[in-house]
Amino acid sequence: MIKNVGKSTFEEINLENGFYLLHFQNESKENQNFVREIDSSFIQIHFCLKGNSKFKFNNSAYTFDVLDNRSILLYNPQRELPINLEIRPKTTLVSLLISIKKFHSLFSKEAGYIPFLSDENSNKKYYDDTEIKPMVSIVLQQIINSNSNSSIRDLYVKGKIYELLSLHFQKDETADGEYCPFLVDEQNVLKIRKAKDIIIDRMSEPPSLQELANEIGLSLKKLKEGFKQIYGDTVYSFLFDYKMEHSRRLLESNQYNVNEVGLQVGYSTASHFIAAFKKKFGTTPKQYVISLNK
């Protein structure tokens, strides 16, 4: 189900009984409000990828914000927590609603390190506010940018949500992590983030890996390992996904033809761009544009 209100979009995907995804996109200049009843058997996880939103409870007597790049987890088996949400301008929010029964079936073996699944906390309320992990952010973007016209989109989204949950609740094992000494150094993390910005800014003519490593001041080995650790993918796989998502948005704008879009994202021939786009989305750029106008 997709609803458009001005420059705002709300989408709900019913993955299965007791398992829902909500996607809010407010590109307008005004606050948008969303209200929905949720019973006490549901866990709510709200991911704010951009902007911020305000949750209101008890007729607005109690409120809290979900801030940019933060995730909020709510669970209270003793009372209902209906969603009364104020979505601020320029905000992107993804929410997962999962019944505790469904959640137990997914994480029964991991109950020991997920606090609200332990026996002693099974009937207690739980609240958590954390920063969105880089790999979680990537999966959220993949979900948001998935082709809504694809016949297997729901299956794709469901698989991505399983991936999202596993990453979000993954134990912090950095003390024993292979790249821990590297990632503990904030300067190295900043260099990897600079590398990401460089390849995005120069996506039409990206530097080689060695050139990129030289530019950010890291060895080639540390660039590869650090990029994979922070963004969950190799440099060029990450860039490929980014280029395809960017080209999809350019096509949706109806301001460029297929050749122009291909050149903007670094393909010198239309045939190479068409092949890459089809590999990513399962359809050609032209067919994709046609599907948007149906």
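Caption draft 1: Fine view of the overall build of the protein. Regarding its fold elements, the protein presents 11 helices and 11 strands. Looking at the 294 residues of the protein, the share that counts as buried comes to 44%. Once local pairs closer than 6 in sequence are excluded, the contacts in the protein between residues at least 24 apart make up 67%. As presented, the protein carries roughly 15,800 Å² of accessible surface, and 48% of it is formed by carbon and sulfur atoms.

Caption draft 2: Looking closely at the pattern of salt bridges. This model, assessed by the stated rule, comprises 18 salt bridges. Residue Glu-86 pairs with Arg-88 through a salt bridge whose shortest N-O separation is 3.1 Å. Arg-88 matches Glu-86 in its accessibility class, with the two residues each being buried. Because the salt bridges share partners, they merge into one network encompassing Lys-54, Lys-56, Asp-65, Glu-86 and Arg-88.

Caption draft 3: How the structure looks around the packing of aromatic side chains. Applying the stated criterion across every chain yields a total of 11 aromatic pairs. Look at Phe-10 and Phe-24: their rings are 5.2 Å apart centre to centre, the planes differ by 25 degrees, and that puts the pair in the stacked class. On the criterion of sequence distance, the pair formed by Phe-10 in strand β2 (residues 8-16) and Phe-24 in strand β3 (residues 19-26) is long-range, its members being 14 residues apart. By the ring-pair criterion, three or more aromatic residues cluster together here, those being Tyr-267, Phe-273, Phe-277, Phe-281 and Tyr-288. When the ring centre of Tyr-20 is taken as origin, the NZ or CZ atom of Arg-36, which lies over that ring, is 5.1 Å away. Between the NZ or CZ atom of Lys-279 and the centre of the ring of Phe-240, over which it lies, the distance is 5.6 Å.

Caption draft 4: Inspection of helix α11 (residues 285-292) at higher detail. For α11, the full list of buried residues reads Pro-285, Tyr-288 and Ser-291. All buried residues of α11 lie within an arc of 120 degrees about the axis, which places them on one face of the element. Those residues of α11 that are buried lie in contact with α8 (235-252), α9 (258-264) and α10 (270-281).

Caption draft 5: Local environment of the pairing of β2. Here eight bridges tie β2 to β3, and the two strands are oriented antiparallel to one another. Looking at the pairing, Glu-12 lines up with Leu-22 of β3. The antiparallel pairing of β2 with β3 creates a hairpin that spans two residues between the two strands, and Gly-18 there sits at a positive phi of about 80 degrees.

Here is what the cut-offs are and how they apply
- Residues numbered from 1 in each chain as written.
- Predicted model: local features only at pLDDT ≥ 70, side-chain atom pairs only at ≥ 80, totals over all residues.
- Heavy atoms only, no water.
- Helix = DSSP H or I, 4+ residues; strand = E, 2+ residues; numbered from the N terminus.
- Buried < 20%, exposed > 50% of the residue type's maximum accessible area, 1.4 Å probe, protein only.
- Contact = heavy atoms within 4.5 Å.
- Areas by Shrake-Rupley, 256 points an atom, 1.4 Å probe, with all protein chains shown as cover.
- Salt bridge = Lys/Arg side-chain N within 4 Å of Asp/Glu carboxyl O.
- Phe/Tyr/Trp six-rings, centres within 6.5 Å; stacked < 30°, edge-to-face > 60°.
- Lys NZ or Arg CZ within 6 Å of the ring centre and 35° of its normal.
- Arc of directions from axis to C-beta.
- Pairing = 2+ DSSP bridges.

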